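# Fold and geometry: a report
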Amino acid sequence: MMIGNLFAHKAFTFGTDKTWAEVATITTAEQTVNAPGVKVGDFVHVEAPTHQAGLDYNPAARVATDGVLTIKFSNPTAAGITPTAALAWRGLLFRPELPLNNSATI
């Protein structure tokens, strides 16, 4: 039995006006970016438009507040890396019916 349904889903782009901060060596760091239309409670998957050597990110972005995503970057290298600015990242959001039910079974 499944409880709850998908209310909405949408593909979108974001980040074209973003200047990212440097990610320090051997660390992870969260950074925020404007993404109009996302809402707290959405499930969001993101994809960078290009590969950047030494820099990784978690594709499961978190919605910090309505219209703002938080992306976690990782840098395992021996030097700081600044993510490339002003690129059109891609995102896919899934908006569940609310409230979510923790006891759902599939």
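Residues numbered from 1 in each chain as written. Predicted model: local features only at pLDDT ≥ 70, side-chain atom pairs only at ≥ 80, totals over all residues. Heavy atoms only, no water.

## Remarks on the pairing of strand 3 (residues 43–47)
The following threshold applies: Here the term buried applies to any residue with accessible area under 20% of the maximum for its type, exposed to any over 50%, and partly exposed to those in between, with areas from a 1.4 Å probe on protein chains only. Secondary structure elements follow DSSP: runs of H or I no shorter than four residues count as helices, runs of E no shorter than two count as strands, and numbering proceeds from the N terminus. Any two strands with at least two DSSP bridges between them are considered paired.
Judged by which residues are buried, strand 3 turns out to be one-sided: Val44 and Val46 face inward and are buried, whereas Phe43, His45 and Glu47, on the alternate face, are not. Where strand 3 lies against strand 7 (residues 89–96), 5 bridges are found, and the strand directions are antiparallel. Paired with Phe43 across the strands is Phe94, a residue of strand 7. The sheet contact formed by strand 3 and strand 5 (residues 60–65) spans 2 bridges and is antiparallel.

## Overview of the environment of Trp20
Inclusion rule: The contact criterion used throughout is that any non-hydrogen atoms of two residues lie within 4.5 Å.
Relative to the helices and strands, Trp20 is located in the loop between strand 1 (6–14) and strand 2 (27–34). Expressed as a C-alpha distance, the spacing of Trp20 and Ala85, which sit 65 residues apart in the sequence, is 6.0 Å. Leave out the neighbours within four places in its chain, and Trp20 touches Gln31, Thr32, Val33, Ile71, Phe73, Thr82, Pro83, Thr84, Ala85 and Trp89.

Purely spatial values, then, with no claim about function.
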